[in-house]
Every structure is written in structure tokens, then in C-alpha cells.
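Fold and geometry: a report
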Amino acid sequence: PLIRAWEIYQGAYQRVSGLARTVRGPSMSTNLGKVQILGTCIVHGERVFVLQFLQGRRSNWTRRPFLAQYDEDATWFDELKPPFDQDRFFFEMPRQSKVREFSSSS
């Protein structure tokens, strides 16, 4: 399962020197891009996966964190679902319905 892969990675990462900490992981190649598992956290009392695209089909997806429902049995990205009763992930939204993103120049 994805959570076990992350736990193994995290345990190993904590035991290496700074020189070895340039590694990224664990990640999956998907048809949307390369997705990295950053870990888990609790949001509104619900445990979720924290993920990011290392590379995405669209360049503005790269390094953008996003959440997915925690599923201790999920073994691949396509088994994950959006959190908090959302219908879709941000990268599945129709272009016209996306919320305007603010930058420091706004």
C-alpha cells in the first residue's frame, strides 16, 4: 500500500546524512505526471494524503501540493479519491470553473 511505501521511505530518510537527503520519494508515474507522496496530515479531523506533482501534464501543476482521502489499502494513484466530499481533484476541474489563483502581484 502507498502508506507503507511512505513509511518505509520516511524511516530510511530519517537515518541518512544530509548528503543523501536530496532524494525524492516515494513517487508514481501516472498519465497525468509524476506524483510524489509527501505524507499524511489531519485536516478538519480527517486523515488525508498530502501529494504533489513532480512533473505534470500542465506546468502549473508542478510542485503544487494537493490532498486525497486517506486509504490504507490504496496501492496506486488512480485508487485515491478527492477529500472532503469533493467530486474531483483540482486537475480534473473544467477550466472555466477553476477558482482564480492569486499571486503576489495580484
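Here is what the cut-offs are and how they apply
Residues numbered from 1 in each chain as written. Predicted model: local features only at pLDDT ≥ 70, side-chain atom pairs only at ≥ 80, totals over all residues. Heavy atoms only, no water. pLDDT = per-residue confidence, 0-100. Contact = heavy atoms within 4.5 Å. Pairing = 2+ DSSP bridges. Helix = DSSP H or I, 4+ residues; strand = E, 2+ residues; numbered from the N terminus. Axes fitted to C-alpha atoms, helices over the stretch in contact; angles between N-to-C directions. Core = buried A, V, L, I, M, F, W, Y, C linked by side-chain atoms within 4.5 Å. Buried < 20%, exposed > 50% of the residue type's maximum accessible area, 1.4 Å probe, protein only. Patch = residues over 30% accessible without salt bridge, like charges linked within 9 Å, V, L, I, M, F, W, Y side chains within 5 Å. Areas by Shrake-Rupley, 256 points an atom, 1.4 Å probe, with all protein chains shown as cover. Salt bridge = Lys/Arg side-chain N within 4 Å of Asp/Glu carboxyl O. Lys, Arg positive; Asp, Glu negative; His and termini not counted. Charge placed at Lys NZ, Arg CZ, Asp CG, Glu CD. Polar contact = N/O pair within 3.5 Å; in protein donor to acceptor, adjacent residues only side chain to side chain.

Details of the confidence of the model for the chain
- Residues at a pLDDT of 70 or more form 88% of the chain, whose mean pLDDT is 89.
- In the model, residues 96-100 has pLDDT below 50 throughout and makes four contacts with residues more than four positions away in sequence or in other chains.

Quick look at the pairing of strand β3 (residues 46-56)
- Inspection of the sheet shows strand β2 (residues 33-43) paired to β3 by ten bridges, in the antiparallel sense. Its bridge partner lying in β3, Q36 is registered against Q52.
- In textbook terms, the turn of a hairpin is the stretch between consecutive antiparallel strands, and for β2 and β3 this stretch comprises two residues, one of which, H44, has a positive phi near 50 degrees.
- As defined by bridge partners, β3 adjoins strand β4 (residues 65-69) across five bridges and the pair is classed as antiparallel. Counterpart to L51 in the pairing with β4 is F66.

Overview of the sheet that holds strand β1 (residues 27-30)
- Across the sheet, four strands lie side by side as β1-β2-β3-β4; this open sheet has antiparallel pairing. Edge strands, defined here as strands with exactly one partner in the open sheet, are β1 and β4. Sheet twist, expressed as the mean angle between neighbouring strand axes with direction ignored, is 40 degrees.
- Contacts from helix α1 (residues 2-13) reach β1, β2 and β3 within the one sheet, and its direction differs from that of β2 by about 90 degrees.

Details of the nonpolar core
- Of all hydrophobic cores here, the largest spans 19 residues; its most connected members are F49, L51, F53, F66, F77, L80 and F91.
- When contributions to this core are tallied by element, the ones reaching two or more residues are α1, β2, β3 and β4.
- L80 has contacts with L2, F49, L51, A68, Q69, A74 and F89, leaving out every residue within four places of it along the chain.

As for a negative patch on the surface
- A surface patch of like charges, here negative, comprises E72, D73, D78 and E79.
- When you line up the elements, D78 lands in the segment after β4.
- In this structure D78 comes out as exposed when scored by relative accessible area, which is 61%.

Let's talk about the side chain of T30
- Following the sequence through the fold, T30 ends up in strand β1.
- A polar contact is formed between the side chain of T30 and the backbone nitrogen of L32, at a distance of 3.1 Å.
- Here G33 takes part through its backbone oxygen, which lies 2.7 Å from a polar atom of the side chain of T30.

Here's the deal with the pattern of salt bridges
- This model, assessed by the stated rule, comprises one salt bridge.
- One salt bridge in this structure joins E7 and R4, with 3.6 Å as the shortest N-O distance. One end of the pair is E7 and the other is R4, both in helix α1 and three residues apart, which spans about a single turn.

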